[in-house]
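Below are the chains, spelled out letter by letter.
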Amino acid sequence: MAAPSLRPHQDGGGEGGGSLRGRPGSGSAAVPSRPSMAEGAGAGPRLAELLAAGRRLWEEVETGTEPSSGAPAVQDKVRQGLDALQRAAAMVAQLDLFSENEELEEIASADLKYLLLPALLGALTLKQVDLSRRLEHLESARAHFWRFLKLCRSYRLGSFHLPPAATSPPAEEDAGSPSPGGPAATQPSLVAMASSRQAKIERYKQKKELENRLASMRTFVESGQADEDQIREFYILQIQKWINTSLEEIESIDQEMVILRSRGTAKQPSAPPHGTSRQVRTPLKPFILTRDAAQAKVFGAGYPGLPTMTVDDWYEQRRRQGVVSGQSVPQRTPAGIADEELQKQQQEKKEEEDDEEALQKARNWDDWKDTHPRGYGNRQNVG
């Protein structure tokens, strides 16, 4: 006959405490589970409240209707949830609730839910949106998920392959791995891809099955109508669901960390080759080339704050900088003199030099203008 219950206890919502139990669903002999250490130490309600608050905030962030996860209200919930879960994790570590040397049957039913603390911490850590610390947040979240998986594996909660504890930077991975490219390297890669795809399909099926079973049991557990067997099974199903979630998150984190590290390597400036020194030049300010100074004064840049200069000024500036030589500067007419004015000056200069032919031509032209008004003889479009 089984021994009587060690001590009954309640943990909100009618959740039972430690009792004589074997592993759920197994025909093994009954093993008395220890009483809930969290409640026995007088810190049960406080620890349970911290876990409930952190989980409630995570659910609000996960199912919220905010348009962006970076909204101040969302990030405030993330910070509050992380604070509550970190305090709860510190209390669990202080009480030493879990050990790798014990069996799952030795854990009180009310204490099983605290196994989810590392997974919830990792999920909330991923909700932080500080891009400057994104790599740091990814590493922290991965460490939380890995600790949760390691703890679950020590209690034999599911069969899964435990990922490595931490990912190495690309330089270390390249140094320790053989160079790809041969047929022998391609074949294992295809096998690994097929195995990974099959594992994802299996995890997806398990996830859907677990969600359906949890949905059918949640009402009884939260209303206090479930017995201890149902409560224990409910918590174990939740743990198994988070195992699949943690494996998926670690895989996504590893892929994102590779991208972030490669981006950081690409941003690092490459060192210039030895013996070469590049002349540092001051950046040029934007300007507009104009035909002459008068045009620059009239039209300007079209908007304030932009300096203007003529072509001659630009050539002179470049000549002073040593970019162009003085011989390559084109000879231009003085600034501000138009073509018509230049012709008039040349005409007056010829007349001043007593050019008889030019002087006679100018006199004849003046006499003809005296007797012929402007437009004389243009009768083609009249009448």
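What counts, and where the lines are drawn
Residues numbered from 1 in each chain as written. Predicted model: local features only at pLDDT ≥ 70, side-chain atom pairs only at ≥ 80, totals over all residues. Heavy atoms only, no water. Helix = DSSP H or I, 4+ residues; strand = E, 2+ residues; numbered from the N terminus. Buried < 20%, exposed > 50% of the residue type's maximum accessible area, 1.4 Å probe, protein only. Contact = heavy atoms within 4.5 Å. Areas by Shrake-Rupley, 256 points an atom, 1.4 Å probe, with all protein chains shown as cover. Axes fitted to C-alpha atoms, helices over the stretch in contact; angles between N-to-C directions. Parallel < 35°, antiparallel > 145°, perpendicular 65-115°, else oblique. Left-handed = near helix turned anticlockwise from the far one by under 90°. Nonpolar A, V, L, I, M, F, W, Y, C, P; charged D, E, K, R; others polar. pLDDT = per-residue confidence, 0-100. Expected span 1.5 Å × (residues − 1). Phe/Tyr/Trp six-rings, centres within 6.5 Å; stacked < 30°, edge-to-face > 60°. Core = buried A, V, L, I, M, F, W, Y, C linked by side-chain atoms within 4.5 Å. 1 Å grid on protein atoms, 1.4 Å probe; cavity = no way out; pocket = protein on both sides within 12 Å on 5 of 7 lines; lining within 4 Å. Points joined across faces, edges and corners; volume = space filled by probe spheres on them. Salt bridge = Lys/Arg side-chain N within 4 Å of Asp/Glu carboxyl O.

Q: Before we move on, can you summarise the overall build of the protein with the specific residues and values?
A: On a plain count of helices and strands, the protein comes out with 12 helices and 4 strands. In the protein, which comprises 383 residues, the share counted as buried stands at 30%. Look at the contacts in the protein between residues 6 or more apart in sequence, and 67% of them connect residues 24 or more apart. When the accessible surface of the protein is summed, it comes to about 25,700 Å², and 52% of that surface belongs to carbon and sulfur atoms.

Q: Please give an account of unusual backbone geometry that cites residues and values.
A: Positive phi is not limited to glycine here, since aspartate 96 has a value of about 55°. Given the relative accessible area of 52%, aspartate 96 is considered exposed. Its identity is not glycine, yet arginine 156 carries a phi of approximately 60°, on the positive side. Mapped onto the secondary structure, arginine 156 falls in the loop between helix 5 (134-154) and helix 6 (170-176).

Q: Which residues make up the packing of helix 4 (residues 117-125) against helix 5, and what values do they have?
A: One way to put it is that helix 4 packs onto helix 5 with a least axis distance of 7 Å and a crossing angle of 160°. Looking at the two axes, helix 4 sits roughly antiparallel to helix 5. Note that helix 4 runs across helix 5; the crossing there is left-handed. Packed against helix 4, whose contacting residues are Pro118, Ala119, Leu121, Gly122, Ala123 and Thr125, the element helix 5 presents His137, Ser140, Ala141, His144, Phe145 and Phe148 at the interface. Here the contact of helix 4 with helix 5 is built from residues that sort into 7 nonpolar, 5 polar and no charged.

Q: Give a description of the confidence of the model for the protein that names residues and reports values.
A: Per-residue pLDDT for the protein has a mean of 75; in total, 65% of the residues score no lower than 70. The least confident element of the protein is strand 1 (residues 20-21), whose mean pLDDT is 39; the most confident is helix 4, at 95. A low-confidence stretch, residues 170-186 stays under pLDDT 50, and its non-local contacts, those more than four residues away or across chains, total 3 contacts.

Q: Quick rundown of helix 3 (residues 72-95)? Include the residues and the values.
A: Its 24 residues give helix 3 an end-to-end C-alpha distance of 35 Å, which sits within 8% of 34 Å, the value for a rise of 1.5 Å per residue. With its phi angle positive at about 55°, aspartate 96 sits one or two positions after the end of helix 3.

Q: Give a detailed account of the packing of aromatic side chains, specifying residues and quantitative values.
A: Working definition: an aromatic ring pair is given by the centre-to-centre distance plus the angle between the planes. Applying the stated criterion to the full structure yields 5 aromatic pairs. Centre to centre, the rings of tryptophan 314 and tyrosine 315 are 5.2 Å apart; their planes meet at 70°, and the pair counts as edge-to-face. Where tryptophan 365 meets tryptophan 368, the ring centres are 5.6 Å apart and the plane angle is 10°; that geometry is what we call stacked. Within this pair, tryptophan 365 and its partner tryptophan 368 are both found in helix 12 (residues 356-371), separated by 3 residues, close to a single helical turn. Classification of tryptophan 365 as partly exposed rests on a relative accessible area of 49%. Judged by its relative accessible area of 41%, tryptophan 368 is partly exposed.

Q: Summarise the nonpolar core; cite the residues concerned and give the values.
A: One finds Phe98, Tyr114, Phe148, Leu157 and Ile243 to be the most contacted residues of the largest nonpolar core, which totals 59 residues. Among the elements of the structure, helix 2 (44-62), helix 3, helix 4, helix 5, helix 7 (183-223) and helix 8 (228-267) are those that each provide at least two residues to this core. Top contributing element to this core by residue count: helix 8, with 12 residues.

Q: How would you sum up the packing of helix 3 against helix 4? Please name residues and give values.
A: The N-to-C vectors of helix 3 and helix 4 enclose an angle of 155°; their axes lie 10 Å apart at closest approach. Judged by the angle between their axes, helix 3 and helix 4 are roughly antiparallel. For the pair helix 3 and helix 4, the crossing hand works out as left-handed. Across from Val78, Gly81, Leu82, Leu85, Gln86, Ala88, Ala89 and Val92 in helix 3, the residues of helix 4 making contact are Leu117, Leu120, Leu121, Leu124 and Thr125. Partitioning the contact of helix 3 with helix 4 into residue classes produces 10 nonpolar, 3 polar and no charged.

Q: Can you tell me about the layout of surface pockets, naming the residues and giving the values?
A: Estimates place the volume of the largest pocket at around 630 Å³. Residue assignment for the lining of the largest pocket shows that the elements contributing at least two residues are helix 7 and helix 8. Among the residues forming the lining of the largest pocket, the class breakdown is 9 nonpolar, 8 polar and 7 charged.

Q: Report on the pattern of salt bridges, specifying residues and quantitative values.
A: As a working rule, side chains carrying opposite charge can pair if their charged atoms are close by. Across all of its chains, the model carries 18 salt bridges by this definition. Between lysine 127 and glutamate 62 there is a salt bridge, with its nearest N and O atoms 2.9 Å apart. You can see lysine 127 sitting in the loop between helix 4 and helix 5 and its partner glutamate 62 sitting in helix 2, a full 65 residues away along the chain. On the accessibility criterion, glutamate 62 (42% relative accessible area) is partly exposed. Its salt-bridge partner being arginine 320, residue glutamate 316 comes within 3.8 Å of it at the nearest N-O pair. Taken as a pair, glutamate 316 and arginine 320 lie in helix 10 (residues 311-321) at a separation of 4 residues, close to a single helical turn. Salt bridges sharing partners connect three or more residues here, namely Arg56, Glu60 and Lys77.

Q: Run through the side chain of glutamine 238, naming residues and quoting values.
A: Tracing the sequence through the fold places glutamine 238 in helix 8. Among residues more than four places away in sequence, those in contact with glutamine 238 are Arg55, Leu116, Leu214 and Arg218.

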